Amino acid sequence: MLQLLKDRNFLFYWLGQFVSVIGDHISMLAFPWLVLQLTGSKLLMGLVFAAQGLPRAVLMLWGGALVDRTNPRSVMLWTNILRLGLVMLLAYLLYADSVTIEIVFIAAVAFGLADAFFYPATTSIVPSLVKKDDLQAGNSLVQTTMWLGVIIGPVIAGIVIAGEASTVSHEPTQAGGSFAEDRIGLARAFFLDGLTFAFSFLTLLFIRARSYDKDEGEAGQSMASAIWQGIRWVWSNPTVRLGFIGIAILETFFQAPIFIGLPALADARFEEGAYVYGLEIAAYGSGALLGAMAGGMFKWPRDEDVVRVMFLIFTFSGATIGLIVLYPPYWWAMLVFFIAGCGDSYIWVHFTTYLQKATPEKLLGRVMSILMFMSVGLLPIASIAAGFAFEWNLELSLIIASVVLVVSCLLAAAHPYAKAKPETVRAGDQDVST
């Protein structure tokens, strides 16, 4: 697996993504914390996430079609420039004490626009950097990179925002941070995120990725027709279709609780809420790091069993939210998140590899954009609903989300389509190699 790092192209990509993902998870903690401390409203946290998610969801499929018509590297370069400018502006406004909730909403919308094109690009570039036989190892290294960032980023963010980690008690408390106390720390966090975007941009300049096969018949095809072609392919494969629908349900009921509910829960329970929340996310990342590494080393499960095993593993992930609510100590949250991270990351390496092999190369950008759409497309609606639900009853709403996730994943795992036909996987694999 580590042999791939001897390849200059993959090494530069890996380094850029490693640093960029650290920055992503600094801002991923800083952004909801900024809204919470600026307004004190869980509902507004949900609405800001929706403002970011709506343009991303609407344009995600167009982003995948653009990747297929151009190339992933170019799309990543331009979106990195845009995101660099956004976080640096936000850092300056925080430092000058000029940020308002309206500015935060505008920044969220702009981030959503950039993400709509960046996500399909970054999930479809790996096959252009490595040989087909090295896809599993390449995906494993990319996942390892991502989860290293999940470990490092939130801890850095928690320390940078808080300025220090003084009291980390698992006893409930009414004390929390304030915007006045955290403003400069938040400015530092967004500035650091900007530096990571700059580094990622520079590394992409040194990458030379091969071009994907193009369909000459698509030259005069409209973007809508190109997108529909990708949708038809996904819908025609029952196992891929079930996997995508199940992932949509999983991510809808998992991401909103993680990024809106848990920060609010940490703020209510712990004196250094930002720091504790960072530790919880870092614990998940630590497990996911081990899972990603294992995903590149072990062949199990077979391609035809990947979707069924994926949903069985995701069942525990859904249960973690309820387990954290029912038992409050932060070490318990770190433990169950660590276990969930191991399983989630391990199976995601195999599912991504299965999908890349099964998808015709000319459709790769579009299929990956549909995967990302199903992962995050419903998040804006979920964020708004979660905001209202968490305002009503935070802990009960988190438990309900956990139950929905567990039941949905078990039903998906039991569905006959959860087992792919071997000939279907091989047919897709041949399409990729043509």
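To keep things clear, this report deals only with the structure shown in the data block. (Residues numbered from 1 in each chain as written. Predicted model: local features only at pLDDT ≥ 70, side-chain atom pairs only at ≥ 80, totals over all residues. Heavy atoms only, no water.)

**Some points on the layout of surface pockets**
Empty space among the atoms can be located by rolling a probe the size of a water molecule over them. Estimates place the volume of the largest pocket at around 280 Å³. For the largest pocket, the lining is made up of 15 residues, of which Gln 136, Lys 299, Asp 303, Thr 353 and Lys 357 are closest to its centre. When contributions to the lining of the largest pocket are tallied by element, the ones reaching two or more residues are helix H5 (135-162) and helix H11 (330-358). When grouped by side-chain class, the residues that make up the lining of the largest pocket number four nonpolar, four polar and seven charged. (1 Å grid on protein atoms, 1.4 Å probe; cavity = no way out; pocket = protein on both sides within 12 Å on 5 of 7 lines; lining within 4 Å. Points joined across faces, edges and corners; volume = space filled by probe spheres on them. Helix = DSSP H or I, 4+ residues; strand = E, 2+ residues; numbered from the N terminus. Nonpolar A, V, L, I, M, F, W, Y, C, P; charged D, E, K, R; others polar.)

**Remarks on the packing of helix H9 (residues 273-297) against H11**
Between H9 and H11, whose axes approach to 6 Å, the crossing angle comes to 30°. Like other packed secondary-structure pairs, H9 and H11 cross with a definite hand, here right-handed. (Axes fitted to C-alpha atoms, helices over the stretch in contact; angles between N-to-C directions. Left-handed = near helix turned anticlockwise from the far one by under 90°.)

**A word on the packing of helix H10 (residues 306-326) against helix H13 (residues 379-414)**
Each packed pair of helices is defined by two parameters, the angle between the axes and the distance between the axes. Where H10 meets H13, the closest approach of the two axes is 8 Å, and the angle between their N-to-C directions is 165°. On the basis of the axis angle, H10 is roughly antiparallel to H13. Read as a crossing pair, H10 and H13 show a hand that is left-handed. Touching Arg 308, Phe 311, Leu 312, Phe 314, Thr 315, Gly 318, Ala 319, Ile 321, Gly 322, Val 325 and Leu 326 of H10 are Glu 395, Leu 398, Ile 399, Ser 402, Leu 405, Val 406, Cys 409, Leu 410, Ala 412, Ala 413 and Ala 414, all from H13. The residue makeup of the contact of H10 with H13, split by class, is 16 nonpolar, four polar and two charged. (Parallel < 35°, antiparallel > 145°, perpendicular 65-115°, else oblique. Contact = heavy atoms within 4.5 Å.)

**A closer look at a nonpolar patch on the surface**
Residues Leu 290, Met 293, Met 297, Phe 298, Phe 316, Leu 326, Tyr 327, Trp 331, Leu 335, Phe 338 and Ile 339 make up a contiguous nonpolar surface patch of roughly 1100 Å² in combined accessible area. Broken down by secondary-structure element, the contributors of at least two residues to the nonpolar patch are H9, H10 and H11. Of the residues forming the nonpolar patch, the biggest block, four residues, is contributed by H11. (Patch = residues over 30% accessible without salt bridge, like charges linked within 9 Å, V, L, I, M, F, W, Y side chains within 5 Å. Areas by Shrake-Rupley, 256 points an atom, 1.4 Å probe, with all protein chains shown as cover. Salt bridge = Lys/Arg side-chain N within 4 Å of Asp/Glu carboxyl O.)

**Brief notes about the pattern of salt bridges**
A complete count under the given rule lists nine salt bridges for this structure. Asp 97 is the partner of Arg 183 in a salt bridge, and the nearest nitrogen-oxygen pair spans 3.7 Å. Of this pair, Arg 183 sits in helix H6 (residues 179-205) while Asp 97 sits in the loop between helix H3 (72-95) and helix H4 (101-124), and the two are 86 residues apart along the sequence. The buried category is assigned to Arg 183, whose relative accessible area is 18%. Classification of Asp 97 as partly exposed rests on a relative accessible area of 47%. Through salt bridges with shared partners, one network takes in Arg 302, Glu 304, Asp 305 and Lys 419. (Buried < 20%, exposed > 50% of the residue type's maximum accessible area, 1.4 Å probe, protein only.)

**Considerations on the packing of aromatic side chains**
Two aromatic rings, taken as a pair, are described by how far apart their centres are and by the angle between their planes. Taken as a whole and judged by the stated rule, the model has 14 aromatic pairs. For the ring pair Tyr 327 and Trp 332, a centre distance of 5.7 Å and an interplane angle of 80° mean the geometry is edge-to-face. Given the relative accessible area of 40%, Tyr 327 is considered partly exposed. The class for Trp 332 is partly exposed, based on a relative accessible area of 22%. Here the aromatic residues Phe 31, Phe 111 and Phe 190 are joined through ring pairs into a cluster of three or more. Just above the ring of Phe 118 sits the side chain of Arg 83; from NZ or CZ to the centre is 3.9 Å. Sitting above the plane of the Trp 235 ring, Arg 241 keeps its charged end 4.6 Å from the centroid. (Phe/Tyr/Trp six-rings, centres within 6.5 Å; stacked < 30°, edge-to-face > 60°. Lys NZ or Arg CZ within 6 Å of the ring centre and 35° of its normal.)

**Looking at H5**
Between its terminal C-alpha atoms H5 stretches 40 Å, which fits the 40 Å expected from 28 residues at 1.5 Å a residue. Counting buried residues along H5, 21 of its 28 residues qualify, which places the element largely inside the surrounding structure. (Expected span 1.5 Å × (residues − 1).)

**Overview of helix H7 (residues 223-236)**
Compared with the 20 Å implied by 1.5 Å per residue over 14 residues, the 20 Å span of H7 between its first and last C-alpha is a close match. The set of residues buried in H7 consists of Ala 226, Ile 227, Gln 229, Gly 230, Trp 233 and Val 234. Here the buried residues of H7 occupy an arc of 150° about the axis, which is enough to place them on one side. With respect to the buried face of H7, the exposed residues turned more than 90 degrees away are Trp 235 and Ser 236. Check the buried side of H7 and you find it contacts helix H2 (42-69), helix H8 (238-269), H11 and helix H12 (364-376). (Arc of directions from axis to C-beta.)

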